[in-house]
Amino acid sequence: MKALVHNQVGTHMLTMDSAPTPEPGPSQALIQVVAFSFNFGEVAFRPPDLPDGTIPGWDAAGIVVTPAADGSGPAAGSRVVTFGWAGAWAEFRAVDTKELALVPDGVDLQSTAALPVAGVTALQAVRRLGPILSSRVLVTGASGGVGRYAVQLASLAGAEVVASVGSPERGEGLLDLGAAEVVIGPQAMTGRVDGVVDNVGGAQLAEAYQRLSSGGVVVAVGMASKEPTTIDFEEARMSHDRGRVETFNFSVPLNSDLQYLVRLVEQGRLVVPVGWRGDWHSYEEAIVQLMNRQVRGKAVLDVQAA
């Protein structure tokens, strides 16, 4: 099969090459991949010492070719969206049946490749804020994949959402997704918020923390800024009685959360924010645009027709 494999001397440490078709384990299904998505983290923070020939990739959608031998999971021919810590950037992947969800015929299969990591991260992060009906919630890095999902999911949960972005152009479309307000950085907002989903880290996380109302929480999801965060807690004590920062890592298996998101998409209540889509042979273009913050949402790469 063909695959994008890790190559330390390749452009973006990747090369299109031949690789063995994976042999699924007893609880794994073999999937013919029709599309996969790039996540900022797996592109920007992929370890350079990964062995050459490794197939990276977390998110992929496709068709079940061989069902799991233990009887778990869907039958051959089923349309599915999948997650795994490697192996997505290829024509075939083997994936545990606890890490996939069925995709109904009425939903565009290729676009669901943008759901697993970003969508489930946003869902679980918004859930960490607790009940947010009538609350005011700030989402930093709202123009990215996780951000655009978080804006929608927080709005669906009844929050007034403030979407923070890096430029007016990056904020396009966020009001349509449910944001009540779009600001250029947390420092530009007025008033306080009850919760924050932070995708940026660095100075923006510190600024967002200072904007909390008493008892509020920041869920620290990402570090798109690639900068450490320094918080002046003395200043925080002067500005609000109490508040907390929670580090975040999403929980696996993903199947139940992923199936919930697919259902929202099917119902027309959740928009999959695909900001770049093209053939997987154009992976270099997709990576450049993603790293240069030119993709509003997710980058989806088509491997073959569904």
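Here's what I pulled together on the structure shown here.

Each value, and the rule that gives it
- Residues numbered from 1 in each chain as written.
- Predicted model: local features only at pLDDT ≥ 70, side-chain atom pairs only at ≥ 80, totals over all residues.
- Heavy atoms only, no water.
- Helix = DSSP H or I, 4+ residues; strand = E, 2+ residues; numbered from the N terminus.
- Core = buried A, V, L, I, M, F, W, Y, C linked by side-chain atoms within 4.5 Å.
- Buried < 20%, exposed > 50% of the residue type's maximum accessible area, 1.4 Å probe, protein only.
- Contact = heavy atoms within 4.5 Å.
- Expected span 1.5 Å × (residues − 1).
- Arc of directions from axis to C-beta.
- 1 Å grid on protein atoms, 1.4 Å probe; cavity = no way out; pocket = protein on both sides within 12 Å on 5 of 7 lines; lining within 4 Å.
- Points joined across faces, edges and corners; volume = space filled by probe spheres on them.
- Nonpolar A, V, L, I, M, F, W, Y, C, P; charged D, E, K, R; others polar.
- Phe/Tyr/Trp six-rings, centres within 6.5 Å; stacked < 30°, edge-to-face > 60°.
- Salt bridge = Lys/Arg side-chain N within 4 Å of Asp/Glu carboxyl O.

1. Considerations on the environment of Gln267
Locating Gln267 in the fold gives a position in the loop between helix H6 (255-266) and strand E14 (274-279). It is 20 Å that separates the C-alpha atoms of Gln267 and Val126, two residues lying 141 residues apart in sequence.

2. Focus on the nonpolar core
Judged by nonpolar contacts, the single largest core of 54 residues is most densely connected at Leu115 and Val151. The element that contributes the greatest number of residues to this core is helix H2 (residues 116-128), accounting for 7 residues. Beyond its immediate stretch of four places on either side in the chain, Val151 contacts Val139, Ala142, Val161, Ala163, Leu174, Leu177, Gly178 and Ala179. With 25 residues, the next largest nonpolar core counts Phe38, Ala60, Ala88 and Val303 among its residues.

3. A word on H6
Between its terminal C-alpha atoms H6 stretches 16 Å, which fits the 16 Å expected from 12 residues at 1.5 Å a residue. Taken residue by residue, H6 has Asp257, Leu258, Leu261, Val262, Leu264 and Val265 as its buried positions. Buried residues of H6 fall within an arc of 160° about the axis and therefore sit on the same side. Downstream of H6 by one or two residues, Gly268 has phi in the positive range, about 75°.

4. Examining the environment of Pro22
The residue Pro22 is located in the loop between strand E2 (14-18) and strand E3 (28-38) in this model. In this structure, the C-alpha to C-alpha distance between Pro22 and Met238, residues 216 residues apart in sequence, is 57 Å. Excluding residues within four positions of it along the chain, Pro22 makes contact with Met1, Leu30, Phe92, Arg93 and Ala94.

5. A look at the layout of surface pockets
In this approach a probe as big as a water molecule rolls over the atoms, and the regions it shows empty are the leftover space. Taken as a whole, the largest pocket encloses approximately 990 Å³ of empty space. What lines the largest pocket is a set of 37 residues, among which Phe40, Gly41, Val146, Asn199 and Gly222 lie closest to the centre. When residues of the lining of the largest pocket are traced back to their parent elements, those giving at least two are helix H1 (40-44), H2, helix H3 (145-156) and strand E9 (160-165). Its boundaries defined by the atoms lining it, the second largest pocket holds a volume of some 170 Å³. As for the second largest pocket, its lining consists of Leu123, Val126, Arg127, Gly130, Ile132, Leu153, Leu156, Ala157, Tyr260 and Arg269. By residue number, the principal contributor to the lining of the second largest pocket is H2, which donates 3 residues. Its residues assigned to classes, the lining of the second largest pocket comprises 7 nonpolar, 1 polar and 2 charged.

6. So, the packing of aromatic side chains
Within this structure, the stated rule accounts for 10 aromatic pairs. Both rings, one in Phe36 and one in Phe38, keep their centres 5.8 Å apart while their planes meet at 55°; by these two values the pair is tilted. Overall, the relative accessible area of 1% leaves Phe38 in the buried class. A ring pair is formed by Phe83 and Phe250, whose centres lie 5.5 Å apart and whose planes are at 90°; its orientation type is edge-to-face. A residue pair is termed long-range when its members are at least 10 positions apart, and Phe83 in strand E5 (residues 79-83) and Phe250 in the loop between strand E13 (243-247) and H6 qualify at 167 residues. Since its relative accessible area comes to 2%, Phe83 is described here as buried. Looking at Phe250, the relative accessible area reads 16%, which means it is buried.

7. Looking at unusual backbone geometry
Along the chain, Val252 connects to Pro253 via a cis peptide bond; the corresponding omega equals 5°. With respect to the helices and strands, the residue Pro253 is situated in the loop between E13 and H6. If you check the backbone angles, His12 has positive phi at about 60° while not being a glycine. Examined against the element boundaries, His12 turns out to sit in the loop between strand E1 (2-6) and E2. Although it is not a glycine, Met13 adopts a positive phi angle of roughly 60°.

8. Quick look at the pattern of salt bridges
A side chain of one charge can pair with a side chain of the opposite charge if their charged atoms are brought near each other. Overall, the coordinates contain 10 salt bridges when judged by the stated rule. Arg79 is the salt-bridge partner of Asp105, the closest N and O atoms lying 3.6 Å from each other. Taken as a pair, Asp105 in the loop between strand E7 (100-102) and H2 and Arg79 in strand E5 lie far apart in primary sequence, 26 residues in all. Looking at Asp105, the relative accessible area reads 68%, which means it is exposed. With a closest N to O distance of 3.0 Å, Arg211 and Glu207 form a salt bridge. Classification of Glu207 by relative accessible area gives partly exposed; the value is 25%. Linked through salt bridges whose partners overlap, the residues forming this network are Asp108, Arg277 and Asp302.

9. Topic: helix H7 (residues 283-291)
Every buried residue of H7 is accounted for by Tyr283, Ala286, Ile287 and Leu290. Angularly, the buried residues of H7 cover 95° about the axis, an arc narrow enough to put them on a single face. Tucked inside the fold, the buried residues of H7 contact E1, E2, E3, H1, E14 and strand E15 (298-302). Directly after H7, the chain includes Arg293, whose backbone phi takes a positive value near 60°.

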